[in-house]
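Next come the chains, spelled out residue by residue.
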Amino acid sequence: MAVTEAPSTAVAPGPERGRLLDWLTTTDHKKIGLLYLISSFSFFVVGGIFALLMRTELARPGTQIFHPHAYNQLFTLHGTLMIFLVIFPLLAGFGNYFVPLQIGALDMAFPRINALSFWLLPVGGLTILSGLFAKGGAAAAGWTGYPPLSEQLGTGQDLWIAGLIIVGTASILGGINFIVTILRMRAPGMTMMRMPVFTWSILATSLLVILAAPVLTAGLIMLFADRRLGTVFFDPTQGGVVLLWQHVFWFFGHPEVYMLILGAWGIVTEIIAVFSGKPIFSYRGVVLSFLLITALSFSVWAHHMFATGAVELPFFSVTTELISVPTGVLFFIWLGTMWKGKLRFEPPMLFALGFIAMFLIGGINGVWAASPAMDFAIHDTYWVVAHLHYVLFGGTIFGVVAAMYYWFPKMTGRMLSRKLGIWQFWIQLIGFNLTFFPMHILGLRGMPRRIADYAPDRGWSFLNLVATVGAFIIAIAMILFFVNIFLTLRKPRTAPDDPWGANTLEWATSSPPPAHNFDRLPPIRSDRPVYDLRTAGGEGS
Amino acid sequence: MSPSVCPPRARRPAAALARVGLAVGASVAFSGCAQQGISIKSHDVHILYLVIMALAAPVVIGVYAALAWCIVRYRKRDDQPAPQTTGRGRSLAVFFAIPVVIIAILFPFGEATLLAVEQSEIPQVQIRVEGFQWEWTFLYLNEGIFVSGKTLVRPAVMVLPVDEPVQITLTSRDVIHSFFVPALLFKRDAIPGRTSSFQFTPSKLGTYQSQCAEFCGLYHSKMTFEVRVVSSADYQAWIAQQRQALNSITCSANGSDLSLVAHNISWNAFCLAVPAGTPFTLHITNQDNGIEHNFSIYDSFFEKKQYFTSPRITGVASETLTGPPLPPGHYYFQCDVHGPAMSGAFIVQ
């Protein structure tokens, strides 16, 4: 069987370095990808502990542990960390590791900027967290930081602004890096329409980042200027407009949520195909959906502002409802991929199926909020908390866990324990639904968001208790996950190149790959080059 | 490639059935959870809720059923490769068409409900609602009275006559708040520098717990209020009672040297009195750490004519102000930051 020789791009090895220094100065996209994952999971533990603290407070009416001043910092930091320092960098981390591999490239287009993008992240995150030591405490205006409230608070709010500007800069640099890499560094034969759907999802995400993240940065600078430089952008007593912030923020904020899900869609689509033993039902449909969602995401922002009475309701309602069309198409494609397949229920597939089941609920419950008259009832209530967690946790986090089980052998040369994975799946699924499903009902019963406490006569007590129990069950699942990772890392590296019988180029090299990624690239004639290699001439199974 | 070990047979169908059962049960439970509310407009919103449920439930049940089917029916049982089929263009067209049809039903229905909710009538009761950190003031514009909540102490109560259209004009004195009455299935944001108007007609007697729904800082969770819907007769009686209470605030002048303390967003006196025709001095102590107050004198809470205003004082601090000589009369003083919630009668004798 003929194998195309990749052009010789081997890089001369550099001078010997100590291991720690090597990790601190590396520009290898694979190491940087791992650094992203380590940083993100660390912030995930911090943000998760904040969530457990909040749920402990809310389990029963009355203030048990946290005075509102502390509670308000908790939910602000929880949201900010999870969105900017956990979910987005997890997807960026997988992107960093696997996009060059999936397109047959040696590394990212700009390896040193790639390293900078990573290191800015913990700097930004720690800047935000350092607010806990500031006078007056950390930021406490929610992750959305609406003025005038965010102009009232102390230094912690400035540290929040600075941290987010740092993180935003990092992601813009990363977005440019991904776009150039994907457009310019694909191996011969790797046309755009043969790229893995995960790479497409990172391309779409990067387009969103470079268009939307600068808008947030601009808004944050305006907010800082109002707070410290005497400007009055958002000060209504001096001719400023309070709502300007919301328009600027949500023009970024809505594309932001698609930055938080597209990568997971890419991962899950690929995993479904591999573990059904079939090609993706409609590769073109997936690419088209990703691109339509990317474009449409800029047209819906004011659906976060329906209750202000200051935005054009029918326009934003129809655009919001329309964006569910390409999203719905993805579900049909996933089902079509499984149809008449040969399903294998390994942990990656379990979590991918969990993703489909949970993200469906998250997408559907958003439809109620898309209709303004209904939104007047459920906006800023626990219905929205349910919605955002079903899409971000039930969606992206399930997808990220699926990706970890799927790609762990490739990154580390070891297979995560299947048994622990199955236990984690069921505990996570049950805990997650126990926590967040009751929140739909709490929202319908009028429980607002972001409250440190509630009265015992509102009829919210029992469901809050249930949600807290669920949260601790999620914590058990997460502990199992980290135990699985730590135990597995101590095992010898025995994983084969392609443990799952997969399709895309990252499986055409060793587990883990050598520093230069590929010794030899297989011929690239379709969107499944490793499948083609495996099934040509009866090689392998 | 390592051979996959299939989990025991019993697990897969159980999982699949559990998913479908969950979806059906959830739909049933959901339908029972949404309340109808206490106005015609809220009933319309409730119907919209059910319509969306009727469109969404088949989607959820359908997808879950298809998932369950795949899990049970297409589990890998042998080493034969699966048919490597993909969808043709027609499949993709159908996939796009299905959600478009659903939205083609959803959007017009939602629009119709929105128009119903936005419909206006001739209001009988007109109330200006002001949110502030962290309570509410309700100014009844036709009746010339106001009620105010007291932060952490007493929620504001909005008494309304049943079956009369109410018009609310809403604003905030400081940060963004939100006027949220779950029983009306409605909320509107209170935004400083903007007023926003809406109407409703409560049609059921009762007391309805409500609270601020836009995060507004330290005591956001305590920014509650009540909507109390009573009979017409009880409403008139209540108005008369409020008017009487406001008019009966009186005190006597004891020299022209006054002192006033602000604590927990309240003054320590509801009545100040000075002799006519001479300037007066006012010692103000602001004991609210980090919170601004000031002192102004108007003709009434309608704030049509201002006689005096002081700069804002940030607590904890004290200031001595000198006020102008005033003709005899019954005036009104307030902290402009918090409005009628921090106000009283200023008598000049």
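Counting restarts for each chain: residues are numbered from 1 in the order of the written sequence. Chains and ligands are labelled sequentially in the order written, the chains with letters from A and the ligands with numbers from 1. Local features in this predicted model are restricted to residues whose pLDDT is 70 or higher, and side-chain atom pairs enter the listing and the counts only when it is 80 or higher, whereas totals over whole chains, interfaces and linings include all residues.

Undergrad: Residue-level account of the overall build of chain A, with values.
TA: Counting its regular elements, chain A contains 18 helices and zero strands. With C-alpha atoms as the basis for the radius of gyration, the globule rule is written as 2.2 Å multiplied by the number of residues raised to the power 0.38. Scaling as 2.2 N^0.38, a compact globule of 541 residues should have a C-alpha radius of gyration of about 24 Å, and chain A matches this with 23 Å. For chain A, the proportion of its 541 residues judged to be buried stands at 62%. Partitioning the intrachain contacts of chain A with sequence separation of at least 6 by distance along the chain shows that 82% fall at a separation of at least 24. Segments assigned H or I by DSSP are reported as helices when at least four residues long, segments assigned E as strands when at least two residues long, and all are numbered from the N terminus. Around each residue's C-beta, the other C-beta atoms within 10 Å are counted; 20 or more make the residue buried, 12 or fewer make it exposed, and counts in between make it partly exposed. All C-beta atoms are placed from the backbone. Contact between two residues is assigned when their C-beta atoms, built from the backbone, lie within 7 Å.

Undergrad: Help me get a handle on the overall build of chain B, residues and values and all.
TA: When helices and strands are counted, chain B shows four helices and 20 strands. Rg of the C-alpha trace for chain B: 30 Å, well past the compact-globule value of 20 Å for 349 residues, more than 25% over. The principal-axis extent of the C-alpha atoms belonging to chain B is close to 105 × 50 × 35 Å. When each of the 349 residues of chain B is scored for burial, the buried share is 38%. Looking at chain B alone, contacts between residues at least 24 apart form 66% of all its contacts between residues at least 6 apart.

Undergrad: Could you give an account of helix H16 (residues 418–444) of chain A, with specific residues and numbers?
TA: All names here are of chain A. Under the 1.5 Å per step criterion, the end-to-end length of H16 is 40 Å for 27 residues, consistent within 8% with the ideal 39 Å. Working definition for bend: take the seven residues up to and ending at a residue and the seven starting at it, fit an axis to each, and measure the angle between the axes. Helix geometry: H16 is bent most strongly at Leu 434, by close to 25°, with proline Pro 438 lying one to four residues after it. Looking one or two residues past H16, Gly 446 carries a phi angle of roughly 95°, positive in sign. The length a helix should cover is 1.5 Å for every residue beyond the first.

Undergrad: Break down the sheet that holds strand S4 (residues 156–161) of chain B for me, citing the residues and quoting the values.
TA: Residue and element names in this part refer to chain B. Here a strand pair is declared whenever DSSP counts at least two bridges between the two strands. One open sheet holds the five strands; their spatial order is S4-S10-S9-S6-S7, and the pairing between them is mixed. Sheet topology places S4 and strand S7 (186–190) at the edges, where each strand pairs with a single neighbour. Taken pair by pair, the neighbouring strands of this sheet meet at an average axis angle of 20°, ignoring direction. Of the pairings in the sheet, the one linking strand S6 (residues 177–181) to strand S9 (residues 206–212) comprises two bridges and is antiparallel in character. By the bridge assignment for S9, Phe 179 is matched with Cys 212. Every angle, taken between N-to-C directions, lies between 0 and 180 degrees, and every axis is a line fitted to C-alpha atoms, over only the stretch in contact when it is a helix. Across the sheet, helix H4 (residues 232–247) touches S4 and strand S10 (224–230), and the angle it forms with S4 is around 135°.

Undergrad: Help me get a handle on the confidence of the model for chain A, residues and values and all.
TA: Should the pLDDT be low somewhere, the predicted coordinates at that spot are not to be read in detail. As a per-residue measure, pLDDT reflects the predictor's confidence and takes values from 0 up to 100. When pLDDT is averaged across chain A, the result is 95; 96% of the residues are at 70 or more. With pLDDT under 50 throughout, residues 1–10 of chain A is counted as low confidence; its partners more than four residues away or in other chains account for 15 contacts.

Undergrad: So what about the domain arrangement of chain B? Which residues, and what values?
TA: Just so you know, the domain bounds were taken from an automatic or database domain assignment. Domain boundaries assigned for chain B yield domain 1 (11–74 + 91–118), domain 2 (125–247) and domain 3 (257–348). Taken together, the residues that form the side of domain 1 of chain B that touches domain 2 of chain B break down as three nonpolar, four polar and one charged. The residue classification treats Ala, Val, Leu, Ile, Met, Phe, Trp, Tyr, Cys and Pro as nonpolar and Asp, Glu, Lys and Arg as charged. All others, Gly included, are polar.

Undergrad: Can you lay out the sheet that holds strand S5 (residues 166–172) of chain B for me, pointing to particular residues and giving the numbers?
TA: Residue and element names in this part refer to chain B. Strand order across the open sheet formed by five strands is S3-S2-S1-S5-S8, with mixed pairing between neighbours. Pairing within the sheet leaves two strands with one partner each, and these edge strands are strand S3 (145–148) and strand S8 (196–200). Taken over all neighbouring pairs, the strand axes of this sheet differ in orientation by 20° on average, direction set aside. Sheet analysis places S5 next to S8, joined by five bridges and oriented antiparallel. What sits directly across from Leu 170, in S8, is Ser 196.

Undergrad: Give a detailed account of the interface of chain A and chain B, specifying residues and quantitative values.
TA: Contact residues are listed per partner, giving 76 residues for chain A and 71 residues for chain B. Elements that contribute at least two residues to the side of chain A that touches chain B include exactly helix H3 (68–102), helix H5 (149–152), helix H8 (242–259), helix H11 (313–322), helix H12 (324–338), helix H13 (347–370), helix H14 (372–378) and H16 of chain A. In the side of chain A that touches chain B, the residues fall into 42 nonpolar, 22 polar and twelve charged.

Undergrad: An account of the confidence of the model for chain B is requested, with residue identities and associated values reported.
TA: Residues and elements named next belong to chain B. Taken residue by residue, chain B gives an average pLDDT of 90. The fraction at 70 or more is 91%. In this model, residues 1–11 is a region of pLDDT below 50 whose contacts with residues beyond four sequence positions or in other chains number 13 contacts. In the predicted assembly, ipTM is 0.92 and pTM is 0.92.

Undergrad: So what's going on with the packing of helix H4 (residues 111–130) of chain A against helix H6 (residues 155–184) of chain A? Residues and values would help.
TA: Helix-helix packing is described using two parameters, namely the angle between the two axes and the distance between the axes. Residue and element names in this part refer to chain A. Relative orientation of the contacting elements H4 and H6 amounts to 165°, with a least axis distance of 8 Å. Taken as axis vectors, H4 and H6 run roughly antiparallel relative to one another. By crossing handedness, the relation of H4 to H6 is classed as left-handed. On H6, the residues that touch Ile 113, Asn 114, Leu 116, Ser 117, Leu 120, Leu 121, Val 123, Gly 124, Gly 125, Thr 127, Ile 128 and Ser 130 of H4 are Leu 159, Trp 160, Ala 162, Gly 163, Leu 164, Ile 166, Val 167, Thr 169, Ala 170, Leu 173, Gly 174 and Asn 177. When the residues that make up the contact of H4 with H6 are grouped by side-chain class, the tally is 14 nonpolar, ten polar and no charged. Here roughly perpendicular refers to angles of 65 to 115 degrees, roughly parallel to angles under 35, roughly antiparallel to angles over 145, and oblique to all remaining angles. Handedness of a crossing is defined here by the sense of rotation of the near helix relative to the far one, left-handed for an anticlockwise turn of less than a right angle and right-handed for a clockwise turn.

Undergrad: Outline the domain arrangement of chain A, listing residues and values.
TA: Residue and element names in this part refer to chain A. Partitioning chain A into structural domains gives domain 1 (32–260) and domain 2 (293–495). Opposite the 36 residues of domain 1 that make contact, domain 2 presents 32 residues. Listing elements by their share of the side of domain 1 that touches domain 2, those giving two or more residues are helix H2 (29–58), H3, helix H7 (197–228) and H8. Among the elements that make up the side of domain 1 that touches domain 2, the one with the highest residue count is H3 (nine residues). Tallied by class, the residues present in the side of domain 1 that touches domain 2 amount to 24 nonpolar, nine polar and three charged.

Undergrad: Describe the nonpolar core, listing the residues and the values that go with them.
TA: To form a nonpolar core, buried Ala, Val, Leu, Ile, Met, Phe, Trp, Tyr and Cys residues must be joined through C-beta atoms within 7 Å. Core analysis: the largest hydrophobic core is formed by 259 residues, its most contacted members being A:Ile271, A:Ala352, A:Phe355, A:Ile356, A:Met374 and A:Ala402. Here the element with the most residues in this core is helix H15 (residues 382–412) of chain A; it accounts for 22 residues. With residues up to four places along the chain from it excluded, the contact list for A:Ala352 reads A:Val268, A:Ile271, A:Ile272 and A:Ala402. Formed by 21 residues, the second largest nonpolar core is a distinct cluster that contains B:Leu258, B:Trp267, B:Ile284 and B:Phe346.

Undergrad: Residues and numbers for the packing of H3(A) against H4(A), please.
TA: Residue and element names in this part refer to chain A. As a packed pair, H3 and H4 sit with axes 11 Å apart at the nearest point and diverge in direction by 165°. Viewed along their axes, H3 and H4 adopt a mutual orientation that is roughly antiparallel. With respect to the hand of their crossing, H3 and H4 are arranged in left-handed fashion. Counting all contacts with H3, which are made through Leu 77, Thr 80, Leu 81, Leu 85, Pro 89 and Asn 96, the residues of H4 involved are Asn 114, Leu 121, Gly 125, Ile 128 and Leu 129. Here the residues of the contact of H3 with H4 are counted per class, giving seven nonpolar, four polar and no charged.

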